[in-house]
Amino acid sequence: MATIDITKLRKEFGDEGEQIVAVEDLDLTIEDGEFMVFVGPSGCGKTTTLRCVAGLEDVSSGSIEFDGVDVTDQRARERNVAMVFQNYALYPHMTVRKNIGFPLRLSTKQSSDEIDERVEEIATLLGIESLLDDKPKELSGGQQQRVALGRAIIRDPEVFLMDEPLSNLDAKLRSVMRTELQELQQELDVTTAYVTHDQVEAMAMGDRIAILNEGRLQQVGDANEVYRSPTNEFVAGFIGSPSINLVTAEVDGDTLVGPGNFEYVLDDVSWVDGRSRVRVGVRPEDMHLVEDGAGSMPSEVTVVEHMGNENFLYARMGEVDLTARVPSKMRPPEGSRVRFDFDEEDLYLFDVDTQESVK
Ligand code: ATP
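Rules behind the numbers
- Residues numbered from 1 in each chain as written.
- Predicted model: local features only at pLDDT ≥ 70, side-chain atom pairs only at ≥ 80, totals over all residues.
- Axes fitted to C-alpha atoms, helices over the stretch in contact; angles between N-to-C directions.
- Helix = DSSP H or I, 4+ residues; strand = E, 2+ residues; numbered from the N terminus.
- Parallel < 35°, antiparallel > 145°, perpendicular 65-115°, else oblique.
- Left-handed = near helix turned anticlockwise from the far one by under 90°.
- Contact = placed C-beta atoms within 7 Å.
- Nonpolar A, V, L, I, M, F, W, Y, C, P; charged D, E, K, R; others polar.
- Pairing = 2+ DSSP bridges.
- Near = placed C-beta within 6 Å.
- Buried ≥ 20, exposed ≤ 12 C-beta atoms within 10 Å, placed from the backbone.
- Domains from an automatic or database assignment.

J.: Help me out: how do you make sense of the packing of helix H3 (residues 112-126) against helix H4 (residues 141-153) in this one?
T.: Packed helix pairs are specified by the crossing angle of their axes together with the interaxial distance, meaning the distance between the axes. Packing of H3 against H4 brings their axes to within 10 Å, and their N-to-C directions diverge by 135 degrees. Our classification of the angle between H3 and H4 gives oblique. Relative to H4, H3 is oriented so that their crossing is right-handed. Residues Ile122, Ala123 and Leu126 of H3 pack against Arg146, Leu149, Gly150 and Ile153 of H4. Partitioned by chemical class, the residues of the contact of H3 with H4 number 5 nonpolar, 1 polar and 1 charged.

Here is the structure:
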């Protein structure tokens, strides 16, 4: 087990002139035994960060420490890490037994009996003991993924690094494997860094979530923190499905005035601080459909999606598209005029220029 300290990490690719900065100024500590998920849009630097921690990429500057020991210049095989990737990279000609035992046969002086015993222990832990004599092509995707996990954990690594390990599985199996992976990680208590582009997976799995954008760390926190207290507009927009509604409003005394006759009277104006405009965010589930014309967001319904347990309403307010999650009984006809309202405590407010949260 290990605490991972990443300090001022920078990684650039390419020559002078045509440089890509994949990761910039990244400071992050992953605590001993923690499950840290890196999430962000394509190209934000998640995989590069993981590969730097693994020792598969040289860093451009900055340092990486495991339990206070600087490993920045150590090669991958000198670091006690195990990696699991999206493609399981099993050896096709070897049985499951041989695949799982491979790292031990390569790296230790244990006898084959000892290795076999350990392989069986691991296979039992993963529920694949009956498959030990099969070849990878005889296994389902989920079974292959378990073998890949087995091969990763057999050496008792200090650190687990996983890059989209579930993305080749269908939706149902993915959610089963999510739970299994979390249970396994808790049981083994190994510090884990996990990369995904899927914010739902990130929220479900991570003890904490590190959100990256354009090579920069935006926020680190547990699911509740990043959802309820996003530090900036990017995080607010990235976390949550459907996405948060965002409009630009003028600040007129204690009233927000926005597109399509949007008007909202505030109790708390302590954040205004001389601002004449602000970005206003409301989550779809915080939008209340009000029938009596009292609401602050007059809109026209464009599409109603029936989800069974609830409806997604898509509406236009002036030039702005809105999304609301409402109870399944509420089905205003498409094209009808409706109004939405929300509680002030559910407002997210961001500076128009810096995009940082102001509340
Ligand atoms: P994805 O989810 O699409 O895999 P990511 O967040 O993992 O994205 P990275 O793969 O870390 O992103 O890439 C970050 C940036 O660095 C991208 O602009 C990418 O094109 C660039 N990059 C990554 N690896 C290399 C490389 N070996 N050579 C040149 N550029 C690279």
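After that view of the structure, there is still more to cover.
J.: Sorry if this is basic, but what is going on with the sheet that holds strand E6 (residues 81-84) here?
T.: Sheets are built from strands that pair by backbone hydrogen bonding, the pairs being arranged parallel or antiparallel. Pairing is mixed in the open sheet, where 6 strands are placed in the order E6-E7-E8-E3-E9-E10. In this open sheet, the two strands that pair with only one neighbour each are E6 and strand E10 (216-221). Sheet twist, expressed as the average angle between the axes of neighbouring strands with direction ignored, equals 20 degrees. Sheet analysis places strand E3 (residues 35-39) next to strand E8 (residues 191-196), joined by 5 bridges and oriented parallel. Following the sheet pairing, Val37 is matched in E8 by Tyr194. Packing of H4 onto the sheet brings it into contact with E6 and strand E7 (159-163), and relative to E6 it is tilted by some 170 degrees.

J.: Would you explain the site of the ligand in this entry?
T.: Neighbouring the ligand are 13 residues, the closest being Phe13, Ala22, Ser42, Thr47 and Thr48. Sorting the residues of the shell around the ligand by element identifies strand E2 (20-30) and helix H1 (46-54) as the ones contributing at least two each. Grouping the constituent residues of the shell around the ligand by class yields 4 nonpolar, 8 polar and 1 charged.

J.: Before we go on, may I ask you to explain the pairing of strand E17 (residues 310-317) in this structure?
T.: A regular strand places its side chains on the two faces of the sheet in alternate fashion. Where strand E16 (residues 297-306) and E17 come together, 6 bridges link them in antiparallel fashion. Paired with His306 across the two strands is Asn311, which belongs to E17. Remark: 3 residues form the turn of the hairpin made by E16 and E17, two consecutive strands paired antiparallel; Gly308 in that turn has positive phi of roughly 95 degrees. Where E17 and strand E18 (residues 320-327) come together, 8 bridges link them in antiparallel fashion.

J.: For this particular structure, what's the right way to read unusual backbone geometry?
T.: Trans is the common state for peptide bonds, and a negative phi is the common state for residues other than glycine. For the bond running from Ser241 to Pro242, omega is -5 degrees, close enough to zero to count as cis. Turning to its location among the elements, Pro242 is positioned in the loop between helix H8 (233-238) and strand E11 (245-252). In this model, Lys8 sits at a positive phi of 45 degrees, which is unusual for a non-glycine residue. Tracing the backbone through its elements, the reader meets Lys8 in strand E1 (residues 4-13). On the basis of neighbour counts, which here come to 12 C-beta atoms within 10 Å, the residue Lys8 falls in the exposed class. One non-glycine residue, Asp189, lies in the positive phi region at around 55 degrees. Note on placement: Asp189 falls in the loop between helix H5 (171-188) and E8.

J.: Is there a simple way to think about the domain arrangement of the chain in this case?
T.: The domains assigned to the chain are domain 1 (4-238) and domain 2 (245-350). Placing a centre on the C-alpha atoms of domain 1 and another on those of domain 2 gives a separation of 40 Å. Taken residue by residue, the interface counts 5 residues in domain 1 and 5 residues in domain 2. A per-class count over the side of domain 1 that touches domain 2 returns 2 nonpolar, 2 polar and 1 charged.

J.: Which parts of the structure should I look at to understand H1?
T.: The periodicity of an α-helix, 3.6 residues per turn, causes residues three or four positions apart to be oriented the same way. Counting buried positions along H1 gives 8 out of 9 residues, so the element sits mostly inside the fold. Just past H1, the residue Gly55 takes up positive phi, approximately 90 degrees.

J.: Help me understand the sheet that holds E1 in this model?
T.: Strand order in the open sheet formed by 4 strands is E2-E1-E4-E5, and the pairing between neighbours is antiparallel. Across the chains shown, the open sheet's two edge strands, defined by having one partner strand only, are E2 and strand E5 (69-70). Looking at chain direction, strand E4 (residues 61-66) and E5 are connected through 2 bridges and run antiparallel. In the strand pairing of E5, Glu65 is matched with Asp70.

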